Amino acid sequence: MATNLALDDKLINEAVRVSGHRTKKAAVTHALIEYIQRHKQRGILDLFGKLDLLPAAEMKRQRSLARGSVRRKSQA
């Protein structure tokens, strides 16, 4: 899709230089991909501490059960 943007020449030239891309389009495309990835990661980090999948005691119990089933299989 053709899009006309008024970009700061100094910024776009520096982006091309530091990124190692050969064209302005490649540099801008790469920058947009990184921007999107960073914002998705930030959304995931915002969930940190908000989800309680299993209480700690339940996690320990689940680990014990899993270890016991492995031991039983290896003893058979």
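Peer 1: Which residues make up the overall build of the protein, and what values do they have?
Peer 2: Within the protein, the regular secondary structure consists of three helices and zero strands. By residue count, 5% of the 76 residues in the protein fall in the buried class. Here the protein has roughly 7,500 Å² of accessible surface; of this, 58% comes from carbon and sulfur atoms.

Peer 1: Could you give an account of the pattern of salt bridges, with specific residues and numbers?
Peer 2: Tallying each qualifying case throughout the model produces one salt bridge. In this structure, the salt-bridge partner of Arg 17 is Glu 14, at a minimum N-O distance of 3.8 Å. Remark: Glu 14 and Arg 17 occur in helix α1 (residues 9–19); sequence separation between them is three residues, near one turn of the helix. Take Glu 14: its relative accessible area is 42%, and that puts it in the partly exposed class.

Peer 1: Account for the packing of α1 against helix α2 (residues 24–46), with residues named and values stated.
Peer 2: Interhelical geometry of α1 versus α2 gives an angle of 85° and a closest axis separation of 9 Å. In terms of orientation, α1 and α2 fall into the roughly perpendicular class. Residue-level contacts link Ile 12, Asn 13, Ala 15, Val 16 and Ser 19 of α1 to Lys 24, Ala 27 and Val 28 of α2. Here the residues of the contact of α1 with α2 sort into five nonpolar, two polar and one charged.

Peer 1: Can you tell me about the confidence of the model for the protein, naming the residues and giving the values?
Peer 2: The pLDDT averaged across the protein works out to 83; a share of 79% of its residues lies at or above 70. When mean pLDDT is compared element by element in the protein, α1 scores highest at 96, while helix α3 (residues 56–75) scores lowest at 69.

Peer 1: Before we move on, could you go through α1 and cite the residues and values that matter?
Peer 2: For α1, the N-terminal cap is Asp 8; the gap from its side-chain oxygen to the backbone nitrogen of Lys 10 is 2.8 Å. Backbone geometry just downstream of α1 places Gly 20 in the positive-phi region, at approximately 80°.

Peer 1: Would you mind going over the environment of Asn 13 in detail, with residue names and values included?
Peer 2: With respect to the secondary-structure elements, Asn 13 resides in helix α1. Considering only alpha carbons, one finds Asn 13 and Thr 23, ten residues apart in sequence, at a separation of 9.5 Å.

Peer 1: Which residues make up the environment of Val 28, and what values go with them?
Peer 2: Inspection of the secondary structure puts Val 28 in helix α2. Each C-alpha atom, one on Val 28 and one on Ile 12, is 7.8 Å from the other, the two residues being 16 residues apart in sequence. Those residues in contact with Val 28, other than ones at most four positions away along the chain, are Leu 7 and Ile 12.

Each value, and the rule that gives it
- Residues numbered from 1 in each chain as written.
- Predicted model: local features only at pLDDT ≥ 70, side-chain atom pairs only at ≥ 80, totals over all residues.
- Heavy atoms only, no water.
- Helix = DSSP H or I, 4+ residues; strand = E, 2+ residues; numbered from the N terminus.
- Buried < 20%, exposed > 50% of the residue type's maximum accessible area, 1.4 Å probe, protein only.
- Areas by Shrake-Rupley, 256 points an atom, 1.4 Å probe, with all protein chains shown as cover.
- Salt bridge = Lys/Arg side-chain N within 4 Å of Asp/Glu carboxyl O.
- Axes fitted to C-alpha atoms, helices over the stretch in contact; angles between N-to-C directions.
- Parallel < 35°, antiparallel > 145°, perpendicular 65-115°, else oblique.
- Contact = heavy atoms within 4.5 Å.
- Nonpolar A, V, L, I, M, F, W, Y, C, P; charged D, E, K, R; others polar.
- pLDDT = per-residue confidence, 0-100.
- Polar contact = N/O pair within 3.5 Å; in protein donor to acceptor, adjacent residues only side chain to side chain.

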